[in-house]
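One-letter residues, chain by chain:
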Amino acid sequence: MDKNVQEERFMEVIKFTPPLYKQRYQFIKDLVGKYKPKKVADLGCADCTLLWMLKFCSCIEVLAGLDICENVMKEKMHRLYPLPGDYLQPAERSLTVTLHHGSVADKDPCMLGFDLITCIELIEHLEESELEKFPEVVFGFMAPAMVVISTPNSEFNPLLPGVTPFRHPDHKFEWNREEFQSWALNVARCYNYSVEFTGVGLPPTGMEDVGFCTQIGMFVRKYSQTSETAHFEKPTKAAYKTIFKAVYPSLKDEKYLQIAVVSEVVFTAQVIKRSLMNHFNSEHEEYSDGPVEIKSKFQHSKNCVSEDLENLAVEKCMEPSVSGNVVYIPLTKIFSFPKVNQLCGTFEKLCKLITGKVTLSSDGSAMVVDTEQENEEN
């Protein structure tokens, strides 16, 4: 049975708003918002709900999940795939999400180099032999900058009807606050971490002495990982099986950057063209009942750049020009638009990305746009 479903059944009398499991996930999400880690791993990720929440955090570039139960991950891992909108509007950051099948008692180099590792309601599911190996694997081998561990507070259990003896049938133990803190402080000392204690799930009024329903330890590594302090023990053979990997489209990938830039340039050119044609059409309406010579003068002004237009573009004219059925829009004008400027960074980058993707003047200084479609619309 899903541990969150089992938990909610026990919480029928004491109502947590939002539900306790959501409070735990929100605690992690708030922590990520505060410390901005780039690489985050969730050990015991189960149905991947926390990973799904974290994939929307803009600071995270690598997300990894590990669980001993492959089927539970596979049931919901489809939520971690990129959505159509991720391709239509790629994010500036890169993001890779990976799921591994394996035990937290085993070492695998794929879990090295993470900024934050979360273990939400995990340790109480471990056998005694696994719990003994857990600190060396997580704090000694993985050695992230921060580790967050949550586990049930057994002192709260008498307030939960039906809890006999543990909250979940798969729990091997449930510690009170003194037991958890003693274990955590010992781990912190052994692996050079500091640890602070907090929790989620407030007790009812008048029963504050039992503490939080879920107790949480936040471990922070005391030193910066360097070549002298890093652990070089790296198993040559992978211990985990990768069952899922998704690489999200990103503007850091030139393929997606080019698509975004071309799309924005075409849109910007259409905006400029429409503005220019509306201006000409309003002038045409103003003089439409006037003498023939005035209308003729308007036609001449509309086509005044038809002669030697390319030379005009070379002179870096910032204003668009009309010649016959085409509009010439200088790339310098397009580059001046904030969104195009932000995407490209430099004018040279703009020219490189759109060359061969849009129609340019012979000297490459202006974009050529047909006016016929505009005339048909008007």
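Residues numbered from 1 in each chain as written. Predicted model: local features only at pLDDT ≥ 70, side-chain atom pairs only at ≥ 80, totals over all residues. Heavy atoms only, no water.

The name an unreviewed UniProt entry assigns to the protein chain is Small RNA 2'-O-methyltransferase, from the organism Eudromia elegans. What UniProt states about the protein chain under its Sequence similarities (unreviewed entry) heading is, verbatim, "Belongs to the methyltransferase superfamily. HEN1 family." (UniProt positions renumbered as here; feature names shortened; annotations may be inferred.)

If you tally the helices and strands in the protein chain, you get 14 helices and 11 strands. Once local pairs closer than 6 in sequence are excluded, the contacts in the protein chain between residues at least 24 apart make up 72%. Here the protein chain has roughly 19,600 Å² of accessible surface; of this, 53% comes from carbon and sulfur atoms. (Helix = DSSP H or I, 4+ residues; strand = E, 2+ residues; numbered from the N terminus. Contact = heavy atoms within 4.5 Å. Areas by Shrake-Rupley, 256 points an atom, 1.4 Å probe, with all protein chains shown as cover.)

The next thing to look at is the sheet that holds strand S10 (residues 326-330). Hydrogen bonds between backbone atoms are what pair the strands of a sheet, whose relative direction is either parallel or antiparallel. Spatially, the three strands line up as an open sheet ordered S9-S10-S11, and their pairing is antiparallel. Each end of this open sheet is capped by a strand with a single partner; those strands are strand S9 (321-323) and strand S11 (366-370). Mean inter-strand twist for the sheet, computed between neighbouring axes without regard to direction, equals 25°. Where S9 meets S10, three bridges bridge the pair, whose relative direction is antiparallel. (Pairing = 2+ DSSP bridges. Axes fitted to C-alpha atoms, helices over the stretch in contact; angles between N-to-C directions.)

Of all hydrophobic cores here, the largest spans 43 residues; its most connected members are Leu-54, Ile-60, Leu-99 and Val-148. For this core, the elements supplying multiple residues, two or more each, are helix H2 (20-35), helix H3 (49-54), strand S3 (96-101), strand S4 (116-120), strand S5 (146-152), strand S7 (214-221) and strand S8 (241-247). Counting residues per element, this core draws most heavily on H2, which supplies seven residues. Among the nonpolar cores identified, the runner-up in size contains 34 residues, and Cys-119, Ile-123, Met-142 and Phe-180 belong to it. (Core = buried A, V, L, I, M, F, W, Y, C linked by side-chain atoms within 4.5 Å. Buried < 20%, exposed > 50% of the residue type's maximum accessible area, 1.4 Å probe, protein only.)

The predicted coordinates should not be examined in detail at positions where pLDDT is low. Mean pLDDT over the protein chain: 86, with 82% of residues reaching 70 or higher. Below pLDDT 50 for its whole length, residues 291-316 participates in 34 contacts with residues either more than four positions away or in separate chains. Contacts for the low-pLDDT stretch residues 374-378, under 50 throughout, to residues beyond four places or in other chains number seven contacts. (pLDDT = per-residue confidence, 0-100.)

The subject of this paragraph is helix H13 (residues 347-354). Of all the residues in H13, the buried ones are Leu-350, Leu-353 and Ile-354. Angularly, the buried residues of H13 cover 85° about the axis, an arc narrow enough to put them on a single face. Facing away from the buried side of H13 by more than 90 degrees, the exposed set consists of Glu-348 and Lys-352. Directly after H13, the chain includes Gly-356, whose backbone phi takes a positive value near 85°. (Arc of directions from axis to C-beta.)

Burial analysis of S7 places seven of its eight residues in the buried class, the great majority of the element. In this structure, S5 lies alongside S7, joined through seven bridges in antiparallel fashion. Bridge pairing in S7 links Ile-149 to Gly-217. Of the strand pairs in this sheet, strand S6 (residues 193-200) and S7 are connected by eight bridges, and their pairing is antiparallel. Within S7, the residue paired with Tyr-193 across the bridge is Arg-221.

Further remarks concern the packing of aromatic side chains. The full count for this structure, using the stated rule, is 15 aromatic pairs. Measuring from ring centre to ring centre gives 5.4 Å for Trp-52 and Phe-56, while their planes differ by 85°; the resulting arrangement is edge-to-face. Taking the centre distance of 6.3 Å and the plane angle of 55° together, the rings of Tyr-87 and Tyr-256 count as tilted. Of this pair, Tyr-87 sits in helix H5 (residues 84-88) while Tyr-256 is found in helix H8 (residues 254-287), placing the two residues 169 residues apart along the sequence. Given a relative accessible area of 40%, Tyr-87 falls into the partly exposed group. Grouped by ring-pair contacts, the aromatic residues Phe-134, Phe-173, Trp-175, Phe-180, Trp-183 and Phe-197 constitute a single cluster. (Phe/Tyr/Trp six-rings, centres within 6.5 Å; stacked < 30°, edge-to-face > 60°.)

The topology assignment puts Ser-323 in strand S9. For the pair Ser-323 and Thr-371, spaced 48 residues apart in sequence, the C-alpha to C-alpha distance is 9.5 Å.

All right, on to the sheet that holds S8 then. Across the sheet, eight strands lie side by side as S6-S7-S5-S4-S1-S2-S3-S8; this open sheet has mixed pairing. In the strand order of this sheet, the two ends are held by S6 and S8, each with one partner. Looking at each pair of strands side by side, their axes are set apart by 15° on average, direction ignored. Seen against the sheet, helix H6 (residues 128-142) touches strand S1 (39-43), S4, S5, S6 and S7 and runs at an angle of roughly 160° to S5.

This next bit is on the pattern of salt bridges. On inspection of all chains with the given rule, the structure shows 10 salt bridges. Linking Lys-74 and Glu-70 is a salt bridge whose minimum nitrogen-to-oxygen distance equals 2.8 Å. You can see Lys-74 and its partner Glu-70 sitting in helix H4 (residues 70-76), four residues apart, about one turn around the helix. By relative accessible area, Lys-74 is classed as partly exposed at 41%. The shortest N-O distance in the salt bridge between Glu-254 and Lys-349 comes to 3.0 Å. Remark: Lys-349 occurs in helix H13 and Glu-254 occurs in helix H8; sequence separation between them is 95 residues. Using a relative accessible area of 37% as the deciding quantity, one classes Glu-254 as partly exposed. Given the relative accessible area of 22%, Lys-349 is considered partly exposed. (Salt bridge = Lys/Arg side-chain N within 4 Å of Asp/Glu carboxyl O.)

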